[in-house]
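Below are the chains, spelled out letter by letter.
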Amino acid sequence: MHSQTNNPKQRLLSNFFFDSYPAVLIRKNLFLKILFIACILNLFSMGITILMAVTSSSGPVARIVERVEKKRQELVSQGIHLYATPLIEKWVIQGKIAAVSYADQMEKHLSFDPNVFDSDGHSLIDRKAPPWVEGRIKQFMAGNHSEFHANNSHGLIVIHRMEGPDRKQYVASGSLKPLKKISYFSPNFAFRIGISFLMITLLSFLLTRHIANPIAKLRKATREIAAGNFSFRVGEMLGRRQDAIAQLGLDFDQMATQIQTLIKDRQRLFRDISHELRSPLARLSISLEISRQKASDEVTSNLDRIGLEAERINNLIGEILLLSRLETGPIFRTAEMIDLSGMICRIGDDANFEAQGRQVSVIIAPSPVFRIYGYPQILHRAIENVVRNAIRYTDKGTAVNIGIEAGSANKDHIILTIRDHGPGVPLSALPHLFEPFYRAKGDRGRKTGGTGVGLAIAYRAIKLHKGEIRAENIPNGGLQVTITLLKTANAA
Amino acid sequence: MNHILVIDDDEELCELLIDYLTPEGFDVEAVQTPEKGLQRALTKEHDLVILDVMLPGMSGFDTLRHIRLKSDIPVIMLTARGDGVDRIVGLEMGADDYLPKPFNPRELVARIRAVQRRFEKKELSENVHQKNLSLKVGDVVLDPGPRTVFLQGKPVSLTAAEFTLLNELMKNAGNVVSRDVLSEAVLGRKLGLFDRSIDVHVSSLRKKLGHQYHGAERIQSIRGVGYIYFRPGKGGFSY
């Protein structure tokens, strides 16, 4: 996945993030992955927008607020003028009562708090201004600006210096409560975020399904082919789709057809080879028997010899073909439950029969019942080959010992040992023992009758059962072949 | 009982077979094409057919199928060695036995003679009126004399091997018969390791007679031992 680092801190970090349970879940599930990425993108883009709106002084919200404040100030300014001018006039010409009544009337239509002061700071309409306004007024009066406006936490204040009809100076002010904070978030922000999140999830789901579905179908097809069902095709399952994934499906089908053809051709080749090689042998065998019918006694042993060699050729053909089949797979058989200990007893008994001819015996150590899931005929062949090999090489008068037991290190293992008391195998030859036709230097094999393919078949057969086979010399003399098989071997 | 028809495209092999089998007392006719073979097989001039599986044109299996449509003549298949599938298929299609090539012709003769023996028994029993030797178990009536089988009154067509197998099982209905005994009686030989010939013939019988009878399995297999034919009544099976 990610490269191993020697830095322990980095490793800890990567362990924490990449190997934590949710992280593993996301890595393994295509749908979650896309959803995760989509949500991150969504949140990221939402976040950027919000950030921009909130922080920048030239952001959209800030600009809006600025404009609104300006407008407010303008309107209050205008309002003050329109209000104060007639009020001052009334006050000067008609007196306070008229001014106050005018003020009351006008203020119904005003949304700001107005006030007018004379040059001494007294309110013309006897209204007390709030302290912060008073402070500003005093400040203003002290200065000589014609106009002042300010905006702070108390609110907006606009002050104008005005001249009455009596040519005296007056000050008019208008104050407004501050703008209610404009929320960056609309009232149903949470609801909208929620909806958008759901939409994203739904779309991610549809998108993922659109991609993951055909991938799952392709996976199924691949597994079918791997299991030996070479006629499986994925084309129709992809429907009317036309994108790259559908193209992949078409390519897959093409490949499957090629594989199917190759397998068929190979099967036919094996049949033909078998047929072509065995037809002359069949004719030979009948001719031999005809010769026996007509022959005199003195040639009987010669005829027997011919028969024996023909038999050897036949066996060799069978072994070579079997080896080829095992090497190039797949196996067109079904796996079954095998009584391994029973099988070994049978092999041992048959071998004993053969062994007696060489004054050699086969001893099987007693064992409990071991069962294994596999291909009986192939497994039988493999073990038989090893046992026969042991019989051929063990010294006259000795025994071949076969034992079967559960693994000591791993209880799921079954360990099968076949040990002979022969000369053993030179160290240089040990690694090559299971190669086809390998002959240790100096071993011409003719005397011992080895065919050279038996152990190669055994090797392939055991590998097919996901087991292991190895050979080693015993210190006391002889060769021991150890076969390790899994109890719950789910054969290939 | 010694007229043999050989159907094999290997002309030289056919000649050799004729050379070998004739001194053994057989009258052998050999043909090379499946069409000719089918034609000759149906003329009822022969007692046994030896049929090669790998034939050009119509395959050996198809030929076998066509023969079986019209005739129960015993058929021994010559198969390719190491191809277990061929044998099962052939037996399922109605061959009585198989022999992989290359074969020892003495074995072939042994199997031919096994077939002969079955029919000799037939002739023997035909001469002596054997009405009381007919076997009746449940809904099946088997007559070893004329070699007929009736299921609920209706005749059933069986191959020679199937008939002999049923005979053995029914003779010992309710008791287990070992596969070795069945093999000797039906095929005239010992069963090899992983050899499913008897199993396939049993399977054919089950198909033709029906798997169940009165709620029990008609022919029950006893793992590692053999088969039992169900006898209704007191305890249908006993070992």
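Small disclaimer: the values here were computed from a predicted structure and weren't measured.

Chemist: How should I be thinking about the overall build of chain B in this particular structure?
Modeler: What chain B contains, in helices and strands, is 8 helices and 14 strands. Here chain B holds 239 residues, and 53% of them are scored as buried. Of all intrachain contacts in chain B linking residues separated by at least 6 positions in sequence, the fraction that spans at least 24 positions is 55%. Summed over all atoms, the accessible surface of chain B reaches about 11000 Å², with 51% contributed by carbon and sulfur.

Chemist: Whenever I open this one, unusual backbone geometry confuses me. Can you help?
Modeler: With the exception of glycine, the majority of residues adopt a negative phi angle, and the majority of peptide bonds are in the trans configuration. The linkage connecting Lys101 of chain B with the following residue, Pro102 of chain B, adopts the cis geometry, with an omega of -5°. Structurally, Pro102 of chain B can be placed in the loop between strand 5 (97–101) and helix 5 (105–127). Backbone geometry at Gln359 of chain A places phi at a positive 60°, although glycine is not the residue there. Within the fold, Gln359 of chain A resides in the loop between helix 10 (340–356) and strand 6 (361–364).

Chemist: Just to check I follow, could you spell out the sheet that holds strand 11 (residues 479–486) of chain A for this structure?
Modeler: All names here are of chain A. Strand order in the open sheet formed by 5 strands is 6-8-9-11-10, and the pairing between neighbours is mixed. Bordering the open sheet on either side are strand 6 and strand 10 (468–473), each of which pairs with just one other strand. Between one strand axis and the next, the sheet turns through 15° on average, direction left out of account. Relative to strand 11, strand 10 is paired through 6 bridges, and the arrangement is antiparallel. If you follow Asn473 over to strand 11, its bridge partner there is Leu479. Against the sheet, helix 10 touches strand 6, strand 8 (399–406), strand 9 (413–419) and strand 11, its axis set at about 165° to strand 6. Together, strand 10 and strand 11 form the strand contacts of helix 12 (residues 454–464), whose direction differs from that of strand 10 by roughly 135°.

Chemist: Whenever I open this one, the environment of Met255 of chain A confuses me. Can you help?
Modeler: Residue placement: Met255 of chain A occurs in helix 8 (residues 244–294). The spatial distance from the C-alpha of Met255 of chain A to the C-alpha of Arg233 of chain A is 9.9 Å, given a sequence separation of 22 residues.

Chemist: Looking at this model, I keep getting lost on helix 5 (residues 96–107) of chain A. Mind explaining?
Modeler: For an α-helix, the turn length of 3.6 residues means that residues three or four places apart are oriented alike. All names here are of chain A. When the terminal C-alpha atoms of helix 5 are compared, their 16 Å separation across 12 residues agrees well with the 16 Å that a helix rising 1.5 Å per residue should span. Burial in helix 5 covers these residues: Ala98, Ala99, Tyr102, Ala103 and Glu107. Buried residues of helix 5, seen end-on, are gathered within an arc of 155° and therefore sit on one face of the element. The secondary structure elements touched by the buried residues of helix 5 are helix 4 (60–93) and strand 1 (113–118).

What counts and what doesn't
Residues numbered from 1 in each chain as written. Chains lettered and ligands numbered in written order. Predicted model: local features only at pLDDT ≥ 70, side-chain atom pairs only at ≥ 80, totals over all residues. Heavy atoms only, no water. Helix = DSSP H or I, 4+ residues; strand = E, 2+ residues; numbered from the N terminus. Buried < 20%, exposed > 50% of the residue type's maximum accessible area, 1.4 Å probe, protein only. Contact = heavy atoms within 4.5 Å. Areas by Shrake-Rupley, 256 points an atom, 1.4 Å probe, with all protein chains shown as cover. Pairing = 2+ DSSP bridges. Axes fitted to C-alpha atoms, helices over the stretch in contact; angles between N-to-C directions. Expected span 1.5 Å × (residues − 1). Arc of directions from axis to C-beta.

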